[in-house]
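Close look at the chain arrangement
Chain by chain, the residues:
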Amino acid sequence: MTARFALLVVAKAPIPGLAKTRLSPPATPAQAAEIAAAALLDTLDAVCATPGAAPIVAMTGDLDAAARGAEIGLALRRATVIPQRGWDFGARLANAHADTAAVHAGLPVLQIGMDTPQVTPESLAAAAAPIVHDGQDAVLGPAEDGGWWALGLADPRHAQVLAGVPMSRDDTGERTLRALTECGLHPRTTRQLSDVDTMTDARAVAAACSGSRFATAVAAVHGRAVA
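Report on the accompanying structure. What you see is a predicted model, and the numbers here were worked out from it, not measured in a lab. (Residues numbered from 1 in each chain as written. Predicted model: local features only at pLDDT ≥ 70, side-chain atom pairs only at ≥ 80, totals over all residues. Heavy atoms only, no water.)

1. Thoughts on the pattern of salt bridges
According to the stated counting rule, one finds 13 salt bridges in the structure shown. Residues aspartate 134 and arginine 188 are paired through a salt bridge, measuring 3.1 Å at the closest nitrogen-oxygen approach. Remark: arginine 188 occurs in strand S7 (residues 188–189) and aspartate 134 occurs in the loop between helix H4 (121–132) and strand S5 (138–142); sequence separation between them is 54 residues. Across the pair aspartate 171 and arginine 169 runs a salt bridge whose closest N-O atoms are separated by 3.0 Å. Judged by its relative accessible area of 38%, arginine 169 is partly exposed. Put simply, Glu34, Asp42, Asp45, Arg68, Glu71, Arg78 and Arg213 are held in one network by salt bridges that share partners. (Salt bridge = Lys/Arg side-chain N within 4 Å of Asp/Glu carboxyl O. Helix = DSSP H or I, 4+ residues; strand = E, 2+ residues; numbered from the N terminus. Buried < 20%, exposed > 50% of the residue type's maximum accessible area, 1.4 Å probe, protein only.)

Dropping the structure here:
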């Protein structure tokens, strides 16, 4: 099948003590890394099954030191993997879009992270639809914490505005929307999702994707039963 858009996942190796540190406590550093690994694996499954998508992963970190590193390495064989580069997260996002465009010239790009394992092939295709089918120049998926979980651009060069947007703040979504508008784009908003920063977030997301790797990893904290 001919790819209609590039589906970019920005991810980092889930290393204990470095991954999802806000889950601890109650999760141990090892459990937090397992939750992050499960989130990445579930996300990759959804991405690689999305119709019309060319999967690409901008990766950072040492998988040899990561939870489920070997399993993640196998899963990454289904995607094109590029290294992250840049001095801060905004710059790394902008560069990931540019590097994706170099691999998949002429394709629009939908970018997500590894913090929304409740996504499905259908929801990802719906998020990309405005830039793939509807003639829109941008789409932004807001997150419940004030950030965003998805950014779609018909022309990935516009991702350079991200280098000037402070990330991981409760107004990051608003600032990103403003930056896109100020460079002449007309972003369409797609559905809001909760990403995973705290155990409260993790339990809510796990309830939305029961039976998944992610739900199983969350349930392991305090020995909770899997729904």
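After that view, the rundown keeps rolling.
2. Quick word on the nonpolar core
Core analysis: the largest hydrophobic core is formed by 38 residues, its most contacted members being Val57, Met59, Leu110, Leu124 and Trp149. Of all the elements in the fold, those that place two or more residues in this core are strand S1 (5–12), helix H1 (29–48), strand S2 (53–60), helix H2 (69–76), strand S4 (109–112), H4 and strand S6 (148–153). In terms of residue count, the dominant contributor to this core is H1 (8 residues). For valine 57, the residues in contact, after removing those within four places along its chain, are Val9, Ala11, Leu44, Leu76, Ala79, Thr80, Val81 and Ile82. In terms of nonpolar packing, the next biggest core, distinct from the first, is built from 21 residues, Val10, Ala96, Ala138 and Leu185 among them. (Core = buried A, V, L, I, M, F, W, Y, C linked by side-chain atoms within 4.5 Å. Contact = heavy atoms within 4.5 Å.)

3. So, the state of the cysteines
Taken as a whole and assessed by the stated rule, the structure comprises 0 disulfides. The thiol of cysteine 48 is unpaired, and the distance to the nearest cysteine sulfur, on cysteine 209, comes to 17 Å. (Disulfide = S-S within 2.5 Å.)

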